[in-house]
Amino acid sequence: MPADVPGIHHVTAVGSDPGRNLEFYTGTLGLRLVKRSVNQDDVSVYHLFYGDRSGTPGTSMTFFPYPNARPGRVGTGQVGAVAFLIPAGSVDFWADRFAERGVDADDPHERFGDTVLAFRDPDGVPMELVARPDAPAGDPPDGPVPHEHAIRGFFGVTLSLESAGPTADLLRTMGYRETAVERDRQRYEAAGDLGYVVDLLEDPQAPRGQPGAGTVHHVAFRTTAADQPAWRDALFERGLRPTEVIDRKWFESVYVREHGGVLFEFATESPGYTVDEDVDELGERLVLPEWLEDRRAEIEAGLLDLPTPPTK
């Protein structure tokens, strides 16, 4: 068997207005735009990558922002919420920041002993900030959020499912272990320090999710190039149909739709976002993989201009 998965590599969601998306994730949440590229399967659309200073695996939230995209519906067979990790003393800072900026947010509440601040991004993607005393120091970017309150990376995701059993079996194969149960929510944890939580929220009566703006496209888990072939074999053995290994330039990927309907990706931790840009210049220009470079003029002509990411 391959080595256990330590946690999430990245999460990719669908947005609408790319400029509004960039302003929210850099200006409000204080993440850094670490890669400005295009959806390799639809080059008419940006692929925007946000994260810590260098886009460390476990910190990278990415978007396909389709201008004028039709809203989707969050439901079963999807990631129901994306949770970021913040220091334990930062909840009031973020509650005040959200109120000042008009972010659609709930009052803080407790879950499994942690304080959780739920909110929605401008397209309605369900998000959470989870405050933990063991949040790592990380490598926050310089920007509008003070380092002492900055998002450290992912805490985890909640998967909305009609039936949690098959997904739980797959998570155990991946090295996750069940650590808590609360009514219809089961918590599974990996051994990493970022993106190590997957909650399974079971509701057979909930509506099926519909893709579109405001929904998560897929969740990617960290692996290595050495282990990736063995993970493909393990997925086949569980009756799933993983893709071939796909070169995404900054990582290699295997995709599979697990039994509950959620699209999983197994993404390598290297080479990373600095393979084609210096760390101090990440996100400043449109970067294309070499197999799309001969189409640069065509691609750039079809994209909207993006504002400069805010620094305060």
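Worth saying up front: this structure is predicted, and the values here are computed from it rather than measured.

> Quick question: what am I supposed to make of the nonpolar core here?
The nonpolar side chains of a soluble globular protein tend to be buried, and buried together. In this structure, L29, M61, M174 and F264 are the most contacted members of the largest nonpolar core, which totals 75 residues. In terms of residue count, the dominant contributor to this core is strand β5 (residues 78-87) (6 residues). With 9 residues, the next largest nonpolar core counts V34, A220, Y273 and L282 among its residues.

> What am I meant to see in the packing of aromatic side chains here?
The description of an aromatic ring pair rests on the distance of the ring centres and on the angle between the ring planes. For the structure shown, the criterion picks out 16 aromatic pairs. Ring centres of F93 and W94 lie 5.4 Å apart, and the angle between their planes is 90°; this geometry places the pair in the edge-to-face category. Given a relative accessible area of 22%, F93 falls into the partly exposed group. Classification of W94 by relative accessible area gives buried; the value is 0%. Plain terms: the ring middles of F98 and F119 are 4.6 Å apart, the flat faces sit at 45° to each other, and that makes the pair tilted. One end of the pair, F98, is in helix α2 (residues 91-101); the other, F119, is in strand β8 (residues 114-120), and 21 residues separate them in sequence. With relative accessibility at 2%, the residue F98 sits in the buried group. Put simply, the rings of F24, Y25, Y50, F63, F93, W94, F98 and F119 pair up and form one aromatic cluster.

> Would you mind showing me how to read the environment of M1 here?
Mapping M1 onto the fold places it in the segment before β1 (8-15). On a C-alpha basis, the gap between M1 and M174 in space is 9.6 Å, while along the polypeptide they are 173 residues apart. If we skip the residues at most four places from it in the chain, M1 touches T173 and A234.

> Can you help me understand the pattern of salt bridges in this one?
Note that side chains of opposite charge can pair when their charged atoms are close. In this structure the tally under the stated criterion is 23 salt bridges. With a shortest N-O distance of 2.7 Å, K35 and D276 are connected by a salt bridge. Within this pair, whereas K35 is found in strand β2 (residues 32-39), its partner D276 is found in the loop between β17 (263-268) and α5 (296-301), the two being separated by 241 residues in sequence. Note on K35: relative accessible area 0%, which makes it buried. Relative accessible area serves as the criterion here: at 22%, D276 is assigned to the partly exposed category. Salt-bridge contacts for R120 lead to D104; the nearest nitrogen and oxygen are separated by 2.9 Å. Of this pair, R120 sits in strand β8 while D104 sits in strand β6 (residues 104-105), placing them 16 residues apart in sequence. Of the residues examined, D104 reaches a relative accessible area of 47% and is grouped as partly exposed. One continuous salt-bridge network, built from bridges that share partners, spans D114, R132, D134, R185, R187 and D199.

The rules behind each value
Residues numbered from 1 in each chain as written. Predicted model: local features only at pLDDT ≥ 70, side-chain atom pairs only at ≥ 80, totals over all residues. Heavy atoms only, no water. Core = buried A, V, L, I, M, F, W, Y, C linked by side-chain atoms within 4.5 Å. Buried < 20%, exposed > 50% of the residue type's maximum accessible area, 1.4 Å probe, protein only. Helix = DSSP H or I, 4+ residues; strand = E, 2+ residues; numbered from the N terminus. Phe/Tyr/Trp six-rings, centres within 6.5 Å; stacked < 30°, edge-to-face > 60°. Contact = heavy atoms within 4.5 Å. Salt bridge = Lys/Arg side-chain N within 4 Å of Asp/Glu carboxyl O.

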